[in-house]
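Spelled out, the chains give:
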2 protein chains.
Amino acid sequence: MTTQATEEISHPTEEIAHPERAEIELGAVLHALSDSVRLRIVAALAEGDAEHTCGSFDVPVTKSTCTHHFKILREAGVIHQRHEGTARLNTLRRDDLEARFPGLLETILQSAPRRVTR
Amino acid sequence: MTTQATEEISHPTEEIAHPERAEIELGAVLHALSDSVRLRIVAALAEGDAEHTCGSFDVPVTKSTCTHHFKILREAGVIHQRHEGTARLNTLRRDDLEARFPGLLETILQSAPRRVTR
């Protein structure tokens with residue numbers, strides 16, 4: 001038995017729970033986007049269709065805190081996460097958000113300060 | 001000296017602080033609107049230009065909790081409050097929000113569940 005696991009490394013065999021499209025709540029989405037770090041993450045994800053790991057974002061927080069932010073985004077239905085090895089790859093649930101709350105994501109991103117870097 | 005004051009009654013001589021338009025932050029606005037009660041209050045305020053007291057909203061919370069919600073909305077720059085006697089009259093800062101974050105308020109209100117009553 002190894003002890004290499006840290007709190008940042010997820011359990012690859014564990015299924016990651018996501019809300020269904022119809023279960024996505026406006027309040028949870030707004031709360032998820034009300035944090036500047038999470039908003040920057042979402043803005044970076046919105047720039048392309050690529051999948052990103054937590055470590056690929058230039059945000060001023062520890063990896064553990066970043067992981068926490070991704071959990072809030074996932075539970076709100078804003079992003080989708082999947083395992084690849086010990087990494088979690090993240091994508092924006094743009095279609096689901098657009099179907100549920102037309103124009104919302106785009107309007108919020110347009111209102112966000114332009115400070116996004118990768 | 002009377003002891004009629006309760007926590008719900010504000011101090012009419014105290015000035016109510018509001019952020020300037022340029023100080024209104026996206027994160028604070030999204031947080032303010034992420035609560036279903038506050039969103040219902042804002043939706044009701046958006047229906048007309050009239051001023052409303054806390055007690056005029058049909059929301060399932062105590063007056064004290066309602067007062068707390070109005071404080072968060074005011075500090076975020078979403079509403080303006082002014083004294084009239086012992087009451088606080090509330091109006092939506094629609095123009096300030098529109099100037100700061102074009103389309104945001106309208107898009108969020110369109111996404112909100114239609115449960116607003118007075």
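### Some details on the overall build of chain A
Next up, step 1: Check the secondary structure of chain A and you find five helices and two strands.
Next up, step 2: Here chain A holds 118 residues, and the buried ones make up 44% of them.
Next up, step 3: The contacts of chain A with a sequence gap of at least 6 include a subset with a gap of at least 24, amounting to 70%.
Next up, step 4: Accessible surface, chain A as shown: approximately 6,500 Å² in total, 49% of it carbon and sulfur.

### A look at the pairing of strand β2 (residues 87-92) of chain A
All names here are of chain A.
Next up, step 1: By the criterion of burial, β2 is predominantly enclosed, with five of the six residues buried.
Next up, step 2: With six bridges joining them, strand β1 (residues 79-84) and β2 adopt antiparallel strand pairing. Of the residues in β2, the one forming a bridge with His80 is Thr91.
Next up, step 3: Connecting β1 to the antiparallel partner β2 that follows it, the hairpin turn spans two residues, and Gly85 within it adopts a positive phi of roughly 65°.

### So, the relation of the copies chain A and chain B
Next up, step 1: If you rotate chain A by 180° and push it 0.0 Å along the axis, it lands on chain B with an RMSD of 0.0 Å. Such a turn and shift between the copies fits a two-fold axis.
Next up, step 2: Looking at chain A, 100% of its interface residues are interface residues in chain B too, so the copies touch through the same face.

### Brief notes about the pattern of salt bridges
Side chains bearing opposite charge may pair, as long as their charged atoms lie close to each other.
Residue and element names in this part refer to chain A.
Next up, step 1: Evaluated as defined, the whole model comprises eight salt bridges over all chains.
Next up, step 2: For the salt bridge of Lys71 with Glu75, the shortest nitrogen-to-oxygen distance reads 3.0 Å. Of the two residues, Lys71 and Glu75 are both situated in helix α3 (residues 63-76); the distance of four residues between them amounts to about one turn of the helix.
Next up, step 3: On the basis of relative accessibility, which here comes to 45%, the residue Glu75 falls in the partly exposed class.
Next up, step 4: Three or more residues joined by partner-sharing salt bridges are found here, namely Arg21, Arg93 and Asp96.

### A look at the packing of helix α5 (residues 104-111) of chain A against helix α5 (residues 104-111) of chain B
Next up, step 1: Viewed as axis vectors pointing N to C, α5 of chain A and α5 of chain B meet at an angle of 155°, and their least axial separation amounts to 9 Å. Between α5 of chain A and α5 of chain B, the interaxial angle falls into the category roughly antiparallel. At the point where α5 of chain A passes α5 of chain B, the crossing takes the left-handed sense. Each of Leu104, Thr107, Ile108 and Ser111 of chain A in α5 of chain A lies in contact with α5 of chain B, whose residues at this interface are Leu104, Thr107, Ile108 and Ser111 of chain B.

### Considerations on the confidence of the model for chain A
All names here are of chain A.
Next up, step 1: When the pLDDT values of chain A are averaged, the result is 84; 83% of them are 70 or greater.
Next up, step 2: Averaged pLDDT values for the elements of chain A fall to 89 in β2 and rise to 98 in helix α1 (residues 26-33).
Next up, step 3: Low pLDDT, under 50, characterises residues 1-8; the predicted model gives this stretch four contacts beyond four residues in sequence or across chains.
Next up, step 4: Across the interfaces of the predicted complex, the ipTM metric reaches 0.81, alongside a pTM of 0.82.

### Points about the interface of chain A and chain B
Next up, step 1: Listed as interface residues are 15 residues of chain A and, on the opposing side, 15 residues of chain B.
Next up, step 2: Roughly 1,100 Å² is buried in total at the junction of chain A and chain B, and carbon and sulfur atoms are behind 73% of that figure.
Next up, step 3: Of all residues in chain A, the largest losses of buried area upon contact with chain B belong to Leu26, Leu30 and Ser111 of chain A, amounting jointly to 39% of the total for that side.
Next up, step 4: Our enumeration of links across chain A and chain B arrives at zero salt bridges.
Next up, step 5: For the interface between chain A and chain B, the tally reads zero residue pairs in polar contact (both at pLDDT 80 or more).
Next up, step 6: Among the elements of the structure, α1 and α5 of chain A are those that each provide at least two residues to the side of chain A that touches chain B.
Next up, step 7: Take the side of chain A that touches chain B: its biggest share by element is five residues, from α1 of chain A.
Next up, step 8: Residues of the side of chain A that touches chain B, tallied by class, amount to nine nonpolar, six polar and no charged.

### Quick word on the packing of helix α2 (residues 36-46) of chain A against α3 of chain A
Residues and elements named next belong to chain A.
Next up, step 1: Two elements in contact, α2 and α3, have axes whose closest approach is 10 Å; the angle formed by their N-to-C orientations is 75°. Compared by their axis directions, α2 and α3 come out roughly perpendicular. Across the interface between the two elements, Val37, Arg38, Ile41 and Val42 from α2 touch Cys66, His69, Phe70, Ile72 and Leu73 from α3.

The rules behind each value
- Residues numbered from 1 in each chain as written.
- Chains lettered and ligands numbered in written order.
- Predicted model: local features only at pLDDT ≥ 70, side-chain atom pairs only at ≥ 80, totals over all residues.
- Heavy atoms only, no water.
- Helix = DSSP H or I, 4+ residues; strand = E, 2+ residues; numbered from the N terminus.
- Buried < 20%, exposed > 50% of the residue type's maximum accessible area, 1.4 Å probe, protein only.
- Contact = heavy atoms within 4.5 Å.
- Areas by Shrake-Rupley, 256 points an atom, 1.4 Å probe, with all protein chains shown as cover.
- Pairing = 2+ DSSP bridges.
- Least-squares fit on C-alpha atoms with pLDDT ≥ 70 in both.
- Salt bridge = Lys/Arg side-chain N within 4 Å of Asp/Glu carboxyl O.
- Axes fitted to C-alpha atoms, helices over the stretch in contact; angles between N-to-C directions.
- Parallel < 35°, antiparallel > 145°, perpendicular 65-115°, else oblique.
- Left-handed = near helix turned anticlockwise from the far one by under 90°.
- pLDDT = per-residue confidence, 0-100.
- Buried area = accessible area lost by both parts, 1.4 Å probe.
- Polar contact = N/O pair within 3.5 Å; in protein donor to acceptor, adjacent residues only side chain to side chain.
- Nonpolar A, V, L, I, M, F, W, Y, C, P; charged D, E, K, R; others polar.

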